[in-house]
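Residues per chain, in single letters:
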Amino acid sequence: MDVNHSIFQAAQLLNAPVEETDLDKRLGLYQVFSKLYEQNRSLLDEILELENIDSGAGAKMTPRYIVGMVQQGQAYLLTNLLNEKSQNLYQAQCCWLIGRAPDAALSFRDRRLSRHHAVIQYFPGDGFYLVDLQSTNGSFVNGEAVRYRRRLEEGDRIRVGSLSIQFYASPEAQRLPALPAEVREKLGPGHFEEGEALDVFNEAIQANPEDTQTFMKQAGSDLDFSAAIARHQGNRSEDT
């Protein structure tokens with residue numbers, strides 16, 4: 001029995017007359033998929049793991065993502081692939097390795113990943129690329145195999161091993177206008193004067209791009225920039 005015939009049988013069972021009981025339908029589907037599994041075990045395993053979904057009761061299903069970021073000419077990745085927490089990943093050569101090996105920037109215990117499976121590489125003035133390192137199971141973007149490398153675009157879906165990852169691209173940051181006066185009034189006293197917070201933040205970035213990550217960590221998960229900036233200013237005063 002080939003795959004197409006099995007799928008056809010499953011479709012017939014799903015469209016069976018109403019008088020057939022649910023038990024009969026379930027039994028028929030079980031028999032069809034049992035035969036499918038015997039003949040195409042690896043294919044069905046791949047389908048089941050395709051979206052990396054934890055189906056446990058009350059499981060939180062968070063989409064896995066990578067954002068290619070460029071700030072003040074410094075490229076880095078923002079991702080939640082490691083420990084399910086968003087992190088900034090800097091790399092001196094702007095080349096982030098994905099694989100099963102412990103020395104990979106994005107390392108996963110996935111039997112479908114090669115030790116050094118692929119890299120995400122940034123080329124200044126051009127963008128981020130997915131490069132396949134002649135992996136055993138291949139790398140894919142939007143379902144298409146990557147022969148060597150492929151430029152990543154906003155919203156692309158990356159597939160490496162059992163991982164399905166959404167990619168987003170962020171260009172250089174834009175400086176936004178100051179808050180309207182009525183909004184500042186609603187925030188009340190004790191907030192920074194117009195533009196002061198952003199100026200201090202930009203100063204920290206320009207001094208050392210890697211300090212941006214430390215600065216953001218100081219701010220905390222709720223992005224309490226006020227406290228972080230105050231600490232930064234205190235450290236600056238001590239240095240002088």
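Colleague: Kindly report on the pairing of strand 6 (residues 118–123), identifying the contributing residues and their values.
Modeller: Bridge count for strand 4 (residues 95–99) against strand 6 is four bridges, and the pairing is antiparallel. Bridging across to strand 6, Leu97 finds its partner in Val119. Pairing geometry for strand 6 and strand 7 (residues 127–132), over six bridges, is antiparallel. Residue pairing in the sheet places Ala118 in a bridge with Asp132 of strand 7. As consecutive antiparallel partners, strand 6 and strand 7 are separated by three residues, and within that stretch Gly125 has a phi angle of approximately 80°, a positive value.

Colleague: Break down the sheet that holds strand 7 for me, with residues and values.
Modeller: Reading across from one edge, 5-4-6-7-10 is the order of the five strands in this open sheet, with mixed pairing throughout. Strands with a single pairing partner mark the edges of an open sheet, and in this sheet they are strand 5 (106–107) and strand 10 (149–151). Inspection of the sheet shows strand 7 paired to strand 10 by three bridges, in the antiparallel sense. For Leu130, the partnering residue across the bridge sits in strand 10 and is Arg150.

Colleague: Tell me about the environment of Phe123, and please be specific about residues and values.
Modeller: By secondary structure assignment, the location of Phe123 is in strand 6. For Phe123, a relative accessible area of 23% gives the class partly exposed. For the pair Phe123 and Ala75, spaced 48 residues apart in sequence, the C-alpha separation works out to 9.2 Å.

Colleague: An account of a nonpolar patch on the surface is needed here, citing residue identities and associated values.
Modeller: Together, Leu179, Val183 and Leu187 give the surface a local cluster of nonpolar side chains, amounting to about 240 Å² of exposed area. For Val183, the position within the fold is in helix 4 (residues 181–187).

Colleague: Please provide a residue-by-residue account of the state of the cysteines, values included.
Modeller: A complete count under the given rule lists zero disulfides for this structure. In this structure Cys94 is a free cysteine whose sulfur lies 8.6 Å from that of Cys95, the closest cysteine sulfur available. Judged by its relative accessible area of 16%, Cys94 is buried. Judged by relative accessible area, Cys95 falls into the partly exposed class, the value being 24%.

Colleague: Can you lay out the pairing of strand 1 (residues 65–71) for me, pointing to particular residues and giving the numbers?
Modeller: By the criterion of burial, strand 1 is predominantly enclosed, with seven of the seven residues buried. Burial along strand 1 is two-sided: Tyr65, Val67, Met69 and Gln71 facing one way and Ile66, Gly68 and Val70 facing the other are all buried. As paired strands, strand 1 and strand 2 (residues 74–79) are joined by six bridges and run antiparallel to one another. The partner of Val70 across the bridge, within strand 2, is Ala75. Between strand 1 and strand 2, which follow one another and run antiparallel, lie two residues, and Gln72 among them has a positive phi close to 50°.

Reading the values: the criteria
- Residues numbered from 1 in each chain as written.
- Predicted model: local features only at pLDDT ≥ 70, side-chain atom pairs only at ≥ 80, totals over all residues.
- Heavy atoms only, no water.
- Pairing = 2+ DSSP bridges.
- Helix = DSSP H or I, 4+ residues; strand = E, 2+ residues; numbered from the N terminus.
- Buried < 20%, exposed > 50% of the residue type's maximum accessible area, 1.4 Å probe, protein only.
- Patch = residues over 30% accessible without salt bridge, like charges linked within 9 Å, V, L, I, M, F, W, Y side chains within 5 Å.
- Areas by Shrake-Rupley, 256 points an atom, 1.4 Å probe, with all protein chains shown as cover.
- Salt bridge = Lys/Arg side-chain N within 4 Å of Asp/Glu carboxyl O.
- Disulfide = S-S within 2.5 Å.

Coordinates in, geometry out; function isn't part of it.
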